[in-house]
Amino acid sequence: MYSGPIGIFDSGYGGLTILQQIRRVMPQYDYIYLGDNARTPYGTRSFEVVYEFTRQAVERLFAMGCHLVVLACNTASAKALRSVQQNDLERLDPQRRVLGIIRPTVESIGGMTHSRHVGILATEGTILSASYPLEVKKLFPDVVVTGQACPLWVPLVENNEATSSGADYFVQKYIDALLAQDPLIDTVILGCTHYPLLLDKIKKYMPSGIRVICQGEYVAASLQDYLMRHPEMDVRCSKDGKCRFFTTESKEKFISSASLFLQEPIEVEHITLG
Ligand code: DGL
């Protein structure tokens, strides 16, 4: 049986923060990163559109030889994961798997919050989907979850403004709005893969004593655990330590923006979806 790389999909560059952590923990595997940069952001798009775009990306990654695809995007995980698993996997190939990043993130919080009040900062799409509160309710029914959409954070990151002084206003604004909703919050999940690039500013405006969670390390640990529990999938994942990058935008644009996320030179290929 032939093996293939693990597919990592995001609407844009944010999934690179997840890829980085996964490669840190599992450098021996091969990866394909696919960023749908030409159609980002997904955060403000409808359920139907995010599902359609995500399905196209999964089909393409399967066609490239991936047996396992991680939706390294909260918006796609929230709005498309279940539909792809239920409507498409059987038809495409029931042996392949698509995983999201919301559940592994939620699993991490149970032992962290003492007040049992948790905040989620995410895109409008992820907040409106209520995926985080629903997942938390399943695993930790005693935990109160409050969400705050941060619609300007992804554009700040994508436009290389994450460290500019102009970003401070919008970082503080959404943090204050979250804590105004629930002052008992002691743990905040950054529920968007772009947000770790704003971490310095987020920490600046987050009151000390509130723990901020970047999901990459929890997603990486969960994927490693998944492959240990599923040796039949592990043998289908090739292990030459290689990583290839694909974007629906121009190669040059991807390389210049990806350098904000990755500290290594990369080669990128352009593809079209849909
Ligand atoms: N990276 C996506 C996420 O984690 C957000 C970017 C977008 O809106 O497309 O939700």
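Now for a look at the structure at hand. (Residues numbered from 1 in each chain as written. Predicted model: local features only at pLDDT ≥ 70, side-chain atom pairs only at ≥ 80, totals over all residues. Heavy atoms only, no water.)

1. Some details on the packing of aromatic side chains
- By the definition in use, this model includes 11 aromatic pairs.
- Note on F9 and Y42: the rings are 6.2 Å apart at their centroids and 50° apart in plane angle, and the pair reads as tilted. Residue F9 is located in strand β1 (residues 6-10), and its partner Y42 is located in the loop between β2 (31-35) and α2 (47-63); the two are separated by 33 residues in the primary sequence. The same class applies to F9 as to Y42, namely buried.
- Ring geometry for W153 and Y195: centres 4.8 Å apart, planes at 75°, overall edge-to-face. Residue W153 is found in helix α8 (residues 153-158), and its partner Y195 is found in the loop between β7 (187-190) and α10 (199-205); the two are separated by 42 residues along the sequence. The same class applies to W153 as to Y195, namely buried. (Phe/Tyr/Trp six-rings, centres within 6.5 Å; stacked < 30°, edge-to-face > 60°. Helix = DSSP H or I, 4+ residues; strand = E, 2+ residues; numbered from the N terminus. Buried < 20%, exposed > 50% of the residue type's maximum accessible area, 1.4 Å probe, protein only.)

2. Points about α2
- Counted at 1.5 Å a residue, the expected span for α2 with its 17 residues is 24 Å, and the 24 Å between its end C-alpha atoms agrees.
- What α2 keeps buried is the set V50, Y51, F53, T54, R55, Q56, A57, V58, L61 and F62.
- The secondary structure elements touched by the buried residues of α2 are β1, β2, β3 (68-71), α3 (74-79), α4 (81-92) and β4 (97-99). (Expected span 1.5 Å × (residues − 1). Contact = heavy atoms within 4.5 Å.)

3. Comments concerning the nonpolar core
- Counting residues in hydrophobic clusters, the biggest one holds 55 residues, and the most contacted among them are L16, L121, W153, I202, L227 and F245.
- In contact with L227, not counting residues within four places along its chain, are I6, M26, Y29, L68, M233, D234 and C237.
- Among the nonpolar cores identified, the runner-up in size contains 24 residues, and Y42, F53, F62 and A80 belong to it. (Core = buried A, V, L, I, M, F, W, Y, C linked by side-chain atoms within 4.5 Å.)

Nothing here speaks to function; it is all geometry.
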